[in-house]
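Given next are the chains, with one letter for each unit.
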There are 2 protein chains.
Amino acid sequence: MAVAVAERKVKVAELSLRAILCVLSALAAALVATDTQTKTFFSSYQKKATFRDMKAMVFLVFATAVAAAYSLLQAARCCVTAARGVSPTTATTKRSRAMAWCVFSCDQALAYVVLAALAAALQASVIAKRGQPELQWMEICGMYGAFCRQAGGGIASAVGAALAAALLAFVSAFNVFRLYGGDKSGGAARNGGGATW
Amino acid sequence: MAVAVAERKVKVAELSLRAILCVLSALAAALVATDTQTKTFFSSYQKKATFRDMKAMVFLVFATAVAAAYSLLQAARCCVTAARGVSPTTATTKRSRAMAWCVFSCDQALAYVVLAALAAALQASVIAKRGQPELQWMEICGMYGAFCRQAGGGIASAVGAALAAALLAFVSAFNVFRLYGGDKSGGAARNGGGATW
């Protein structure tokens, strides 16, 4: 009974994290992808800043859009599986393992991709905000204030999305590797060596 | 017997990955931290480029130095534990779990930190190499060729270190979560629900 309750808690945590990841990723992608500002100089010369000016922002939009779509699909699958229920006769251990491995691999890869995109975008943003005078890279946020504020909002959402993705990878790792722990009477857990060094 | 062989393979893989991570991280930190080039203009005006000019490179040196030191300590612990051997009477399951959790948490955090530092450094390097003309950020590698080549070597080593760190986090996740899979007769693995959604 306690195991069933713990199972349920893990499922609820997983679904919540997928929903949070989906919302925050979509928000980050939308904020950054629609970020643009036009400045007029000397009443005729116009200059436009868009997220395409920074490759890191393009990568962030791509990574968060993929994360949002993937999370939506996974959350839908979670709901369908939970509603249908999986009986002992329909789910073999082999099938469970294959599916758990697939989900874990995708979740872990997604966590790394979102984090890498976030780190690159943060680096570009720091240069945009503060400049790098030693290299003659001037700050641009003084000129494009609204552009930088909206990009900041997108990056803040991406931080939340990256945290959710990391936690999800953790839950998925739990789901896959516990399927390999059935040999406590004879293997690693008995001699304590497998996990302690 | 087959379990013992598998155990041994996991241990050898873990030790190898820790050694690779240690060497590549140390190499990356050394290459980037010693990277400097001085250019003389008009036979009197000197300009010096160092890794400190880019915050992302400072972060990369910090992250890879931490990774090298941490991997060295962990590899030493692996060797000591393997040489000493852990008997069933000295290692309790509770202690195994606590240690496995600690190692997994540190390994996963390290993988994320190294990857984030690498992504930020890569972004800064791309700007240094190609420039970002839309934002008036000019490329600097034409002027500081040797500086950029050495930084490139450091980043290539960091790519290898990040891959090793990700694989290590994977092995550590296996080591910790398999300790929770002993209830196959009554829990997740029986009804197939825990890992399949």
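- An unreviewed UniProt entry annotates chain A as CASP-like protein of Digitaria exilis.
- Quoted verbatim from the Subcellular location (unreviewed entry) heading of the UniProt record, the comment on chain A is "Cell membrane".
- Quoted verbatim from the Sequence similarities (unreviewed entry) heading of the UniProt record, the comment on chain A is "Belongs to the Casparian strip membrane proteins (CASP) family."

### Structural notes on the pairing of strand S1 (residues 36-41) of chain B
Residues and elements named next belong to chain B.
Inference 1: Pairing of S1 with strand S2 (residues 45-50) involves 6 bridges; the strand directions are antiparallel. Bridge pairing in S2 links Gln37 to Ala49.
Inference 2: Between S1 and the antiparallel strand that follows it, S2, lie 3 residues; Phe42 among them carries a positive phi value of about 55°.

### Structural notes on helix H3 (residues 93-130) of chain A
Inference 1: Compared with an ideal rise of 1.5 Å per residue, which puts 38 residues at 56 Å, H3 of chain A spans 54 Å between its outermost C-alpha atoms and is within 8% of the ideal.
Inference 2: Directly beyond the C-terminal end of H3 of chain A, a positive phi value near 75° is found at Gly131 of chain A.

### Description of the state of the cysteines
All names here are of chain A.
Inference 1: One pass over the structure, following the stated rule, counts 2 disulfides over all chains.
Inference 2: The residue that forms a disulfide with Cys141 is Cys148, at a sulfur-sulfur distance of 2.0 Å. Looking along the S-S bond of the Cys141-Cys148 disulfide, the torsion reads about -85°, which is the left-handed sense. Neither Cys141 nor Cys148 differs from the other in exposure class; each is buried.
Inference 3: No disulfide involves Cys79; its sulfur sits 6.7 Å from the nearest other cysteine sulfur, which is in Cys78.

### Some remarks on the UniProt feature "transmembrane region" (unreviewed entry) in chain A
Residues and elements named next belong to chain A.
Inference 1: Per the UniProt record, the feature "transmembrane region" (unreviewed entry) sits at residues 15-33, 54-73, 109-128 and 153-177.
Inference 2: Measuring from the first to the last C-alpha atom of residues 109-128 gives 28 Å, for a span that is 100% helix and 0% strand.
Inference 3: The straight-line gap between the two end C-alpha atoms of residues 153-177 is 36 Å; of that span, 100% is helix and 0% is strand.

### Looking at the pattern of salt bridges
Residues and elements named next belong to chain A.
Inference 1: Tallied over the entire structure, the rule returns 4 salt bridges over all chains.
Inference 2: One salt bridge connects Glu14 with Arg18, and the closest N-O pair in it is separated by 2.9 Å. Remark: Arg18 and Glu14 occur in helix H1 (residues 2-33); sequence separation between them is 4 residues, near one turn of the helix.
Inference 3: Residue Glu14 is classed as buried on the basis of its relative accessible area, which comes to 1%.
Inference 4: Sharing partners across several salt bridges, the network here consists of Glu14, Arg18 and Asp107.

### Details of the packing of helix H2 (residues 55-84) of chain A against H3 of chain A
The packing of two helices is summarised by the inter-axis angle and the distance between the axes.
Residues and elements named next belong to chain A.
Inference 1: The geometry of H2 relative to H3 is characterised by a closest axis approach of 9 Å and an angle of 155° between their N-to-C directions. Judged by the inter-axis angle, H2 sits roughly antiparallel to H3. Crossing angle aside, the handedness with which H2 passes H3 is left-handed.

### What to know about the confidence of the model for chain A
Residue and element names in this part refer to chain A.
Inference 1: Mean pLDDT over chain A: 82, with 86% of residues reaching 70 or higher.
Inference 2: Mean pLDDT per element in chain A: helix H6 (residues 193-196) is the minimum at 38, and helix H4 (residues 145-177) is the maximum at 92.
Inference 3: Contacts from residues 183-197, a stretch scored under 50 in pLDDT, to residues over four places away or in other chains number 45 contacts.
Inference 4: The ipTM assigned to the predicted complex is 0.80, against a pTM of 0.83.

### Let's talk about the packing of H2 of chain A against H4 of chain A
All names here are of chain A.
Inference 1: Where H2 contacts H4, the axes come no closer than 12 Å and their chain directions differ by 45°. When the axis of H2 is compared with that of H4, the two are oblique. For the pair H2 and H4, the crossing hand works out as left-handed. Together, Met57, Leu60 and Thr64 of H2 and Ala151, Ile155 and Ala158 of H4 make up the contact between the two elements.
Inference 2: Tallied by class, the residues present in the contact of H2 with H4 amount to 5 nonpolar, 1 polar and no charged.

### A short note on the packing of aromatic side chains
Inference 1: One pass over the full model with this rule turns up 8 aromatic pairs over all chains.
Inference 2: Ring centres 6.2 Å apart and planes at 65° place the aromatic pair Trp101 of chain A and Phe104 of chain A in the edge-to-face group. Taken together, the residues Trp101 of chain A and Phe104 of chain A, both in helix H3 and 3 residues apart, mark about one turn of the helix.
Inference 3: Judged by its relative accessible area of 3%, Phe104 of chain A is buried.
Inference 4: Between Phe170 of chain A and Phe104 of chain B, the aromatic rings sit 5.9 Å apart at their centres with planes inclined by 25°, giving stacked as the arrangement.

### Comments concerning the nonpolar core
Inference 1: Formed by 106 residues in total, the largest nonpolar core has its most connected members in Met57 of chain A together with Met57 of chain B.
Inference 2: Mapped by element, the contributors of at least two residues to this core are H1, H2, H3 and H4 of chain A together with helix H1 (2-33), helix H2 (55-84), helix H3 (93-130) and helix H4 (145-177) of chain B.
Inference 3: For Met57 of chain B, the contacting residues outside a window of four places in its chain are Val32, Phe51, Ala121, Ser125, Ala151 and Ile155 of chain B.

How each quantity is defined
Residues numbered from 1 in each chain as written. Chains lettered and ligands numbered in written order. Predicted model: local features only at pLDDT ≥ 70, side-chain atom pairs only at ≥ 80, totals over all residues. Heavy atoms only, no water. UniProt positions renumbered as here; feature names shortened; annotations may be inferred. Pairing = 2+ DSSP bridges. Helix = DSSP H or I, 4+ residues; strand = E, 2+ residues; numbered from the N terminus. Expected span 1.5 Å × (residues − 1). Disulfide = S-S within 2.5 Å. Buried < 20%, exposed > 50% of the residue type's maximum accessible area, 1.4 Å probe, protein only. Salt bridge = Lys/Arg side-chain N within 4 Å of Asp/Glu carboxyl O. Axes fitted to C-alpha atoms, helices over the stretch in contact; angles between N-to-C directions. Parallel < 35°, antiparallel > 145°, perpendicular 65-115°, else oblique. Left-handed = near helix turned anticlockwise from the far one by under 90°. pLDDT = per-residue confidence, 0-100. Contact = heavy atoms within 4.5 Å. Nonpolar A, V, L, I, M, F, W, Y, C, P; charged D, E, K, R; others polar. Phe/Tyr/Trp six-rings, centres within 6.5 Å; stacked < 30°, edge-to-face > 60°. Core = buried A, V, L, I, M, F, W, Y, C linked by side-chain atoms within 4.5 Å.

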